[in-house]
Amino acid sequence: ISWVLTPHGGYDSNSLSKKRILKAIYIQLFENYVVKGAKVIHATGEKEVSSVQKRFHVQKIVLVPNGQELGDLTFTSSFVERKSRPVFGFCGRLVATHKGLDLLIEGFSRYRNNGGMASLWLIGDGPDRERLEKMCVELGVFNDVKFLGAKFGGDKLNHLDHMDVFIHTSRWEGHPTAVLEAAGIALPLIISRETNMASYVKHWGCGLVLKENTPIEIAKSLELMQSLFEKGELYNMGNNSRTMVEAEFQWPQIAKSLVEKAYI
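Residues numbered from 1 in each chain as written. Predicted model: local features only at pLDDT ≥ 70, side-chain atom pairs only at ≥ 80, totals over all residues. Heavy atoms only, no water.

Draft legend 1. Examining the overall build of the protein more closely. The helix and strand tally for the protein stands at 12 helices and 9 strands. Dimensions of the protein, computed from C-alpha atoms along their principal axes, come out at roughly 60 × 40 × 30 Å. Taken over 264 residues, the protein has a buried fraction of 52%. In the protein, 70% of the contacts between residues at least 6 apart in sequence involve partners at least 24 apart. Distance from the positive charge centre (32 side chains) to the negative charge centre (29 side chains) of the protein: 5 Å. (Helix = DSSP H or I, 4+ residues; strand = E, 2+ residues; numbered from the N terminus. Buried < 20%, exposed > 50% of the residue type's maximum accessible area, 1.4 Å probe, protein only. Contact = heavy atoms within 4.5 Å. Lys, Arg positive; Asp, Glu negative; His and termini not counted. Charge placed at Lys NZ, Arg CZ, Asp CG, Glu CD.)

Draft legend 2. Expanded view of the sheet that holds strand β7 (residues 165–168). Spatial ordering of the open sheet is given by β6-β5-β4-β7-β8-β9, a layout of 6 strands whose pairing is parallel. Here the strands that pair on one side only, and so sit at the sheet edges, are β6 (145–149) and β9 (207–209). Pairs of neighbouring strands in the sheet enclose a mean axial angle of 20 degrees, with direction left out of account. Direction of pairing for strand β8 (residues 189–191) relative to β9: parallel, over a ladder of 3 bridges. The residue of β9 that forms the bridge with Ile 191 is Val 209. Across the sheet, helix α7 (residues 153–161) is in contact with β4 (87–91), β5 (119–123), β6 and β7; its angle to β5 comes to roughly 165 degrees. (Pairing = 2+ DSSP bridges. Axes fitted to C-alpha atoms, helices over the stretch in contact; angles between N-to-C directions.)

Draft legend 3. Region of the structure containing the sheet that holds strand β2 (residues 40–43). Here we have 3 strands laid out as an open sheet, ordered β1-β2-β3, and parallel in their pairing. Looking along the sheet, the strands with just one partner apiece sit at the ends: β1 (4–5) and β3 (61–63). Relative to β2, β1 runs parallel, the two being bridged by 2 bridges. The residue bridging Leu 5 from the neighbouring strand is Ile 41, located in β2. The sheet contacts of helix α12 (residues 251–262) involve β1, β2 and β3, and relative to β3 the element is tilted by about 155 degrees.

Draft legend 4. Representation of the packing of helix α5 (residues 101–113) against helix α6 (residues 129–139). Two elements in contact, α5 and α6, have axes separated by 10 Å at closest approach and are oriented at 20 degrees. Taken together, α5 and α6 sit at an angle that is classed as roughly parallel. Considering how the two elements wind past one another, α5 and α6 form a crossing that is right-handed. Of the residues in α6, those in contact with Leu 101, Asp 102, Ile 105, Glu 106 and Ser 109 of α5 are Arg 131, Leu 132, Met 135, Cys 136 and Leu 139. (Parallel < 35°, antiparallel > 145°, perpendicular 65-115°, else oblique. Left-handed = near helix turned anticlockwise from the far one by under 90°.)

Draft legend 5. Seen up close, the pattern of salt bridges. Under the defined criterion, the tally for this structure stands at 12 salt bridges. Asp 144 is the salt-bridge partner of Arg 112, the closest N and O atoms lying 3.2 Å from each other. Within this pair, whereas Arg 112 is found in helix α5, its partner Asp 144 is found in the loop between α6 and β6, the two being separated by 32 residues in sequence. The buried category is assigned to Asp 144, whose relative accessible area is 12%. Salt-bridge contacts for Asp 125 lead to Arg 129; the nearest nitrogen and oxygen are separated by 3.8 Å. (Salt bridge = Lys/Arg side-chain N within 4 Å of Asp/Glu carboxyl O.)

Draft legend 6. The arrangement of the side chain of Ser 241 in detail. The residue Ser 241 is located in helix α11 (residues 234–248) in this model. For Ser 241, the side chain forms a polar contact with the main-chain oxygen of Cys 206, separated by 3.4 Å. Other than its neighbours up to four places away in sequence, Ser 241 contacts Ala 183, Ala 186, Leu 187, Pro 188, Leu 189 and Cys 206. (Polar contact = N/O pair within 3.5 Å; in protein donor to acceptor, adjacent residues only side chain to side chain.)

Draft legend 7. Seen up close, the packing of aromatic side chains. In this structure the tally under the stated criterion is 6 aromatic pairs. A centroid spacing of 5.5 Å and a plane angle of 50 degrees characterise the contact between Tyr 26 and Phe 30, whose relative ring orientation is tilted. Of this pair, Tyr 26 and Phe 30 both sit in helix α2 (residues 20–37), separated by 4 residues, roughly a single helical turn. (Phe/Tyr/Trp six-rings, centres within 6.5 Å; stacked < 30°, edge-to-face > 60°.)

Draft legend 8. Spatial organisation of the state of the cysteines. Summed over the entire model, instances satisfying the criterion amount to 0 disulfides. Not engaged in a disulfide, the cysteine Cys 136 finds its nearest cysteine sulfur in Cys 91; these two sulfurs lie 17 Å apart. Among the residues examined, Cys 136 registers a relative accessible area of 0% and is labelled buried. (Disulfide = S-S within 2.5 Å.)

Draft legend 9. Spotlight on the pairing of β2. Residue alternation in β2 divides its side chains into two sets, Val 40 and His 42 and Ile 41 and Ala 43, and both sets are buried. Regarding topology, helix α3 (residues 46–56) serves as the crossover connection from β2 to the parallel β3, and that connection is right-handed. (Right-handed = clockwise from strand over helix to strand, strands pointing away.)

Draft legend 10. Representation of the environment of Phe 56 within the structure. Residue placement: Phe 56 occurs in helix α3. In the structure, Phe 56 is positioned 49 residues away from Ile 105 in sequence and 36 Å away in space, judged by C-alpha atoms. The residues contacting Phe 56, other than those within four sequence positions of it, are Tyr 11, Ile 27, Asn 32, Val 35 and Lys 36.

So, in structure tokens, the structure goes:
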């Protein structure tokens, strides 16, 4: 019986740093057999290809991203709150280091100090919420950042739809479904290269890729997005996001690509 292994970022050095010794023993005793016996390893992002090659010295790796069905993004739009300024937003677990939320909040603070007018919404919950709230207080932006807590289904999509720009500043990722969901409902994007979405975003012209994942670069990108918002130029960028999902990430074509690449 042959098998295909999909680690979904599990072999990234950052992912393996927690309980490092226990994981090293497990990999040596069991995981090596699973990896090296697999017909192919399925990577969802470019960085994952290199991390698997480096750790296990295998070459049989295929790169196929996650998918997103546009039909799964239907929801009933309802009033959230009246907006007098643009809204930048994030959706995901509130894990500061992994998701780069410390970088995002510091960058947002710089943006506000430079005269930026937007607010920042954070959808989700997690172990670092209190730390991030404290950070907002210390940086003087607590009143401009809304911690919305966990949202699901149509409620989550409705809140995403009320954002003007979606931001994902992760330090490492496999292939974030939150970015695909946001793109599928036509939101312009600001992403770090570590999301493994940079080549798609550049090709489709649907957002900005951070030159470096730093507060300074994040602040610059937020300022540029506010300028595009004021000029009314975000609409086309958002439409490009949805077109990208339709063309590149629908599940039937993702599944077909994986089968073709795994069994040629």
